[in-house]
Amino acid sequence: MKIDDVRIREIRNPVGKLKAVVSVTIDECFVVHDIKIFERDNGYAIAMPSRKTTDGKYKDIAHPLNSETREMLQNIILAEYQNFLADNAQPVQAEPFVAAEEA
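Right, let's walk through the structure included here. (Residues numbered from 1 in each chain as written. Predicted model: local features only at pLDDT ≥ 70, side-chain atom pairs only at ≥ 80, totals over all residues. Heavy atoms only, no water.)

**Considerations on the packing of aromatic side chains**
Argument step 1. For the structure on display, the rule yields two aromatic pairs.
Argument step 2. On the numbers, 5.2 Å between centres and 80 degrees between planes, the contact of Tyr44 with Tyr81 is edge-to-face. Taken as a pair, Tyr44 in strand 4 (residues 43-47) and Tyr81 in helix 1 (residues 67-87) lie far apart in primary sequence, 37 residues in all.
Argument step 3. When its relative accessible area of 26% is taken as the criterion, Tyr44 is described as partly exposed.
Argument step 4. Note on Tyr81 and Phe84: the rings are 6.3 Å apart at their centroids and 15 degrees apart in plane angle, and the pair reads as stacked. (Phe/Tyr/Trp six-rings, centres within 6.5 Å; stacked < 30°, edge-to-face > 60°. Helix = DSSP H or I, 4+ residues; strand = E, 2+ residues; numbered from the N terminus. Buried < 20%, exposed > 50% of the residue type's maximum accessible area, 1.4 Å probe, protein only.)

**Observations regarding the pairing of strand 2 (residues 18-26)**
Each regular strand carries side chains that alternate between the two faces of the sheet.
Argument step 1. Counting buried positions over the nine residues of strand 2 gives eight, a clear majority of the element.
Argument step 2. Sheet analysis places strand 1 (residues 3-10) next to strand 2, joined by seven bridges and oriented antiparallel. By the bridge assignment for strand 2, Ile3 is matched with Ile26.
Argument step 3. Of the pairings in the sheet, the one linking strand 2 to strand 3 (residues 30-40) comprises seven bridges and is antiparallel in character. (Pairing = 2+ DSSP bridges.)

**Some remarks on the sheet that holds strand 1**
Argument step 1. Across the sheet, four strands lie side by side as 1-2-3-4; this open sheet has antiparallel pairing. Looking at the sheet topology across the chains shown, the edges are occupied by strand 1 and strand 4. Here the strands of the sheet are splayed against their neighbours by 30 degrees on average, with no regard to which way each runs.
Argument step 2. Contacts from helix 1 reach strand 1, strand 2, strand 3 and strand 4, with the element oriented near 125 degrees to strand 4. (Axes fitted to C-alpha atoms, helices over the stretch in contact; angles between N-to-C directions. Contact = heavy atoms within 4.5 Å.)

**Things to note about the side chain of Ser23**
Argument step 1. Inspection of the secondary structure puts Ser23 in strand 2.
Argument step 2. A polar atom in the side chain of Ser23 sits 3.3 Å from the side chain of Arg9.
Argument step 3. Within the structure, the side chain of Ser23 is placed 2.8 Å from the side chain of His33, a separation counted as a polar contact. (Polar contact = N/O pair within 3.5 Å; in protein donor to acceptor, adjacent residues only side chain to side chain.)

**Comments concerning the nonpolar core**
Argument step 1. The biggest cluster of nonpolar side chains holds 17 residues, and the ones touching the most others in it are Val22, Val24, Ile35, Ile37, Ile46 and Ile77.
Argument step 2. When contributions to this core are tallied by element, the ones reaching two or more residues are strand 1, strand 2, strand 3 and helix 1.
Argument step 3. Here this core takes five residues from helix 1, the largest share from any one element.
Argument step 4. Apart from the residues lying within four places of it in its own chain, the contact partners of Ile46 are Ile35, Lys36, Ile37, Arg70, Leu73, Gln74, Ile77 and Leu78. (Core = buried A, V, L, I, M, F, W, Y, C linked by side-chain atoms within 4.5 Å.)

As far as function goes, none of this settles anything; it's purely spatial.
In structure tokens:
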């Protein structure tokens, strides 16, 4: 399986831990939308697209079938997210320097 494209839509003014929503293209023939990137205490994690069931729980509607594939997908997505953050970092504007008057 080859991940051909990762498209990141950053959540502006995020409330809570959701930071971005991602779409991935697999083998140039299949797209999965609405993979979520969440901030955790020890970094970031992904959540696969899901829907709310009648009993109020959430169930994934698309997901990897084994832990190796999930880990590979998560590593690729989070690496792309780190690149996205680095490319879109806003420079910190320094305060203008004002020389102190001599007494």
